[in-house]
Every structure is written in C-alpha cells, then in structure tokens.
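A look at the structure
Below are the chains, spelled out letter by letter.
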Amino acid sequence: MIRYLARRLLQALPLLLLVSAAVFFLINIVPGGPTAAYENNPRLTSEDIARIEAELGLNQPIHVRYLRWLGAVAHGDWGYSLVTKRPVLVEIGERFPNTLYLIGIQYLVTLAIAIPAGTLSAVRQYSVFDHATTTVAFMGQSIPIFWFGLILIIVFHVTLRNPLSGLPLLPAGGMYTIGEPFSAGDRIQHLILPVAMLTLANCAAIVRYVRASMIEVLHADYIRTARSKGASGRRVVWGHALKNAALPVVTIIALDLPVLFGGALFTETIFSWPGMGRLFYDSALRFDYALLMSIVMITAILIVLSNLAADVGYAYLDPRIRYG
C-alpha cells in the first residue's frame, strides 16, 4: 500500500505542474488585469499605469512570470495579494475556518439525512416512502442552487416575520449579527438558510447513489446467505449490506472534500458568508492573480490527496481490493 501511495504521489506531480501552467496562462490572458481599475481614473496617466505594472511585474512575458511564480512556490512563498498586499496564505488562513465551519456542519446534516433515507428507500423499494424520497431527490438535483437560495431569502427573511419581535424570521446573510454579543442561537439562525441551500443539492445526489448501490447489494448471494442463517433484517441491512454499498458514497465524499477548501461559491456569495468561495469570487473580480492561483492550486492538491484517501477507503470497505 505504501509503495502504491508513493507511486501515485509521484505520478501526480506532472499533473499538478500541467494544471498550474494551464491555470496561470488562462488567468493572465483574460482581458483586463489588476490595473484595469485605474484606467478610468483621470488622476493617473498612462505612465503611472505603466509604472504600477512594472512594480507588480506585469510587464514581463507570461512564461517568465510563471517560472518566477513556480520557483517561489517551490520555496514555500505563495506570494502576496495584489489588492491587500498581505501574504496570500494569511488571507486564506483567515477565511478557511469560516468555510470549514459552514461546509462541515452542512456535510454532517447531509449524511445524517441521505444515508438513512437512501437505505430505507432501497429496503422499501417501490413503496410510498421510496417514491417520495426519489421524487424529492430528483427535485433537489434539478433545482438551480442559486435560485433555491434566493427563494429561501424571499420566504424566510422578506415574507415571514418573527411573531414576537416583528423582525424577519431568519437573517439573510452573514455569520452573526454585527454589534450583538456572542450567542449560540444567533449563530444557528445564520446557519439555517445556507446549510439548507447546500444540503438540498448534496443530499439529493447521495440519496440516489446510496439507494442504487443498496438495491444491488441486497440481491447479492452473501445477503441471502446471511438471511438464511437467521440474521435479523436490521443486522443484514445496517451491518452487512450498508458497508459494501458505501463504496460509491466514499467516492462522492472524497471528491467533495476539496469543497471544504474551495468553499461554496454560490452559497457564500448569496448569503455574504466570509469564506473561501467569497474570497475566490472577490479575487476573480479584482484580478488578484496570486490569490487566485493559490486557491486553485491548493484545491488541486487536495483533489489528488482526496482521491488517494478514497483508494484507501475502498481497501478498508472491500477486502477484495488490494493495491501493490
């Protein structure tokens, strides 16, 4: 297993280099740039803009800038934000805990709903519960997530009111109420709408995967053998079938883990959540090349590592899988 993991990590290096080169060139050929905001400023002349570009190193050829960036990253220097002039790792370090807080809670809620719902839907195939669960899952996958978020704001912030205070029933954005002392209830209120928005889409996909995998496993020979030996239905389903049916779920979770870093772009933007998704969005609007490259590359590294973690999970869940 160790040799396999080492070989996979070595194979990932050329891939990461290719990703970094492609992203760097794509970002830099987009019309505009960090100095685009100064072009309409009557106080700045073309000489001033040229001087700013020279200070930022933007007047050099793209391949020279890429090699300089790559050399700096190899020495642990991820650069400075072109907007705030702060190290990009400091910027990321301030936003990442907020995203981890939101996505972590959302994932716990999603798994707590999706795995039991998908399992029961498979066990009670073609029942009313199965049809209802499948219908809701299809709706969850079909509804645009940004549209659902806006509907949540209209219903729970604009329309519905707290009968005691007369204020909106739930806040429309932010992590907490500005100016108010810390309150667990206030934090939970700010979590409800963004968590609901993310849970709908993610829960729908996992429910469908769990249901399909469980239906296949429940008809396997070893499940019939377990039942013939007198094992209870609960033990067969939750003790034997679910473990083997969890392989597709492991894949989904492994591919979603980088989301913990990348953040939920639509959710954090709609609900003004100060996380990684909002940071990426703001960086893209400001052409903050160093910050954009850092977010994309760290996300790419996490994708490679999460795929390796999925392979390890496969070997644990299915004893037939061996890596050499």
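Above this text sits the structure in question.
Residues numbered from 1 in each chain as written. Predicted model: local features only at pLDDT ≥ 70, side-chain atom pairs only at ≥ 80, totals over all residues. Heavy atoms only, no water.

**Let's talk about the overall build of the chain**
Cut-off, in case you're wondering: Where helices and strands are cited, they refer to DSSP runs of H or I of at least four residues and of E of at least two residues respectively, numbered from the N terminus. Any two residues having at least one pair of non-hydrogen atoms within 4.5 Å are treated as being in contact. Only four residue types enter the charge count: Lys and Arg as positive, Asp and Glu as negative, with His and the chain ends excluded. Taken as the charge location is NZ of Lys, CZ of Arg, CG of Asp or CD of Glu.
If you tally the helices and strands in the chain, you get 14 helices and zero strands. Counting only contacts in the chain whose residues sit at least 6 apart along the sequence, the fraction spanning at least 24 positions is 71%. Charged side chains in the chain number 25 positive and 19 negative. The centres of these two groups are separated by 14 Å.

**Let's talk about helix H1 (residues 2-29)**
Count 3.6 residues to each turn of an α-helix, and residues three or four apart come out pointing the same way. As a reminder, the rule being used: Expected helix span is taken as 1.5 Å per residue step, with the number of steps being one fewer than the number of residues. One fitted axis covers the seven residues ending at a residue, a second covers the seven starting there, and the bend at that residue is the angle between these axes. Each residue is assigned to one of three classes by its accessible area relative to the maximum for its type, calculated with a 1.4 Å probe on protein chains only: buried under 20%, partly exposed between the two thresholds, exposed over 50%.
A rise of 1.5 Å per residue sets the reference length of H1, with its 28 residues, at 40 Å; its end C-alpha atoms lie 41 Å apart and thus fit the reference within 8%. Maximal helix bending in H1 amounts to about 25 degrees, located at Leu13; proline Pro14 follows within four positions. All of the buried residues in H1 are Tyr4, Ala12, Leu16, Ser20, Ala21, Val23, Phe24, Ile27 and Asn28.

**As for the nonpolar core**
Note the threshold: Nine residue types can take part in a nonpolar core, namely buried Ala, Val, Leu, Ile, Met, Phe, Trp, Tyr and Cys, and a core is a set of them joined through side-chain atoms within 4.5 Å.
Trp69, Ile92 and Met293 are the most contacted members of the largest nonpolar core, which has 27 residues in total. Listing elements by their share of this core, those giving two or more residues are H1, helix H3 (62-74), helix H4 (88-123), helix H13 (276-286) and helix H14 (289-317). The dominant element in this core, judged by the number of residues it contributes, is H14, at ten residues. By size, the runner-up hydrophobic cluster in this structure holds 23 residues, among which are Ala137, Leu218, Ala241 and Val249.

**As for the pattern of salt bridges**
Stated precisely, the cut-off is as follows: Throughout this description, the term salt bridge denotes a Lys or Arg side-chain nitrogen within 4 Å of a carboxyl oxygen of Asp or Glu.
Per the counting criterion, the structure on display carries six salt bridges. Asp282 is paired through a salt bridge with Arg278; the nearest N and O atoms lie 3.7 Å apart. Residue Asp282 and its partner Arg278 are located together in helix H13, separated by four residues, close to a single helical turn. On the basis of relative accessible area, Asp282 is assigned to the buried category, the value being 17%. By relative accessible area, which is 25% here, Arg278 ends up partly exposed. Because the salt bridges share partners, they merge into one network encompassing Arg86, Glu91 and Glu94.

**A closer look at the side chain of His190**
Inspection of the secondary structure puts His190 in helix H7 (residues 184-218). Leave out the neighbours within four places in its chain, and His190 touches Pro171, Gly173, Gly174, Met175, Tyr176, Thr177 and Trp273.

**Brief notes about H7**
Its 35 residues give H7 an end-to-end C-alpha distance of only 43 Å, which falls more than 12% under 51 Å, the value for a rise of 1.5 Å per residue. The axis of H7 is deflected most strongly, by about 35 degrees, at Ile192, and proline Pro194 appears within four residues downstream.

**Considering a nonpolar patch on the surface**
Filter applied, for reference: Like-charged residues within 9 Å of one another, or nonpolar side chains (Val, Leu, Ile, Met, Phe, Trp, Tyr) within 5 Å, are grouped into patches, provided each residue has over 30% relative accessible area and no salt bridge. For the area figures, the Shrake-Rupley method with a 1.4 Å probe applies, and any residue is considered shielded solely by the protein chains shown.
Judged by side-chain polarity, Ile154, Val155, Val158, Leu160 and Leu169 come together as a nonpolar surface patch covering roughly 360 Å² of accessible area. Summarising the element assignment, Val158 is placed in helix H6 (residues 145-159). For Val158, a relative accessible area of 48% gives the class partly exposed.

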